[in-house]
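Survey of secondary and tertiary structure
This is what each chain is made of:
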Amino acid sequence: MEIKIWPDVSFWNAVVSKNPESTFFHTPLWHDLVVRTYADYAIATRGFIFSDGRKAVFPLIQTREG
């Protein structure tokens with residue numbers, strides 16, 4: 001398994017768009033809006049590529065360290 005610490009937007013959007021259960025709150029745009037609104041937050045999303053080629057994204061937000 002390959003772990004993408006900072007998955008690029010195209011990888012992230014591709015995973016979200018292929019999953020019918022994904023919502024706006026899974027998208028990079030939502031996360032970008034959150035971190036622009038709240039200065040103490042940062043995007044902490046992780047991407048995964050499994051050995052069979054499947055891809056996954058865990059869309060995460062973290063509190064920035066002060």
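What comes next concerns the included structure. This structure is a prediction, so every number in the text was calculated from the model and none was measured. (Residues numbered from 1 in each chain as written. Predicted model: local features only at pLDDT ≥ 70, side-chain atom pairs only at ≥ 80, totals over all residues. Heavy atoms only, no water.)

1. Considerations on the overall build of the protein chain
Definition in use: In this description a helix means any DSSP run of H or I spanning at least four residues, a strand means any run of E spanning at least two, and both kinds are numbered starting from the N terminus. Only protein chains enter the calculation, and the probe is 1.4 Å; a residue is then buried if its accessible area is under 20% of its type maximum, exposed if over 50%, and partly exposed in between. The contact definition used throughout considers only heavy atoms, calling two residues in contact when any of these lie within 4.5 Å. Only the protein chains shown count as cover for residues, and all accessible areas are computed by the Shrake-Rupley method using a 1.4 Å probe. The charge count includes Lys and Arg as positive and Asp and Glu as negative, but it does not include His or the ends of the chains. Where a charge sits is defined by one atom per residue type, namely NZ (Lys), CZ (Arg), CG (Asp) or CD (Glu).
Secondary structure summary: the protein chain contains 2 helices and 5 strands in total. Counting from the amino terminus, helix and strand elements in the protein chain follow one another as β-α-α-β-β-β-β. Counting across all 66 residues of the protein chain, residues that qualify as buried make up 26%. Intrachain contacts of the protein chain at a sequence separation of at least 6 include 46% that bridge at least 24 residues. Accessible surface computed for the protein chain: about 4900 Å², of which carbon and sulfur atoms make up 56%. Averaging the coordinates of the 7 positive side-chain charges in the protein chain and doing the same for the 7 negative ones gives two points 4 Å apart.

2. A few points about the sheet that holds strand E1 (residues 2–4)
Basically, it comes down to this: By this definition, two strands are paired if DSSP reports at least two bridges between them. Axis definition: a line fitted to C-alpha atoms, over the contacting stretch in the case of helices. Angles run 0 to 180 degrees between N-to-C directions.
The antiparallel open sheet is built from 3 strands, whose spatial order is E1-E3-E4. In this open sheet, the two edge strands, each paired with only one partner strand, are E1 and strand E4 (55–58). Averaged over all neighbouring strand pairs, the angle between strand axes comes to 20 degrees, with direction disregarded. With 4 bridges joining them, strand E3 (residues 46–49) and E4 adopt antiparallel strand pairing. Its bridge partner lying in E4, Ile49 is registered against Lys55. On top of the sheet, helix H1 (residues 9–18) reaches E1, E3 and E4; it is set at about 100 degrees to E4, its chief contact.

3. Looking at the pattern of salt bridges
The line we're drawing: Here, a salt bridge means any Lys or Arg side-chain nitrogen found within 4 Å of an Asp or Glu carboxyl oxygen.
Inspection of the entire model under this criterion finds 3 salt bridges. Between Lys4 and Glu2 there is a salt bridge whose closest N-O contact spans 4.0 Å. Its relative accessible area of 22% is what places Lys4 among the partly exposed residues. Between Arg54 and Asp52 there is a salt bridge, with the nearest N and O atoms lying 2.7 Å from each other. Arg54 gets classed as exposed once you look at its relative accessible area, which sits at 54%. Asp52 gets classed as exposed once you look at its relative accessible area, which sits at 53%.

4. Focus: the layout of surface pockets
Short version of the rule: Here the term cavity refers to a set of points on a 1 Å grid, laid over the protein atoms alone, in which a 1.4 Å probe fits but cannot get out; the term pocket refers to an open set having protein on both sides within 12 Å along at least five of seven lines, with lining residues being those that place an atom within 4 Å of a point. Grid points are joined across faces, edges and corners, and a volume is the space filled by probe spheres set on the points. Each residue gets one label: Ala, Val, Leu, Ile, Met, Phe, Trp, Tyr, Cys and Pro are nonpolar, Asp, Glu, Lys and Arg are charged, and the others, such as Gly, are polar.
Put simply, the largest pocket is a space of about 160 Å³. Lining the largest pocket, in full, are Val15, Val16, Asn19, Glu21, Ser22, His26, Lys55, Ala56, Val57 and Pro59. Among the elements that take part in the lining of the largest pocket, E4 stands out by supplying 3 residues, more than any other. Class assignment of the residues belonging to the lining of the largest pocket gives a composition of 5 nonpolar, 3 polar and 2 charged.

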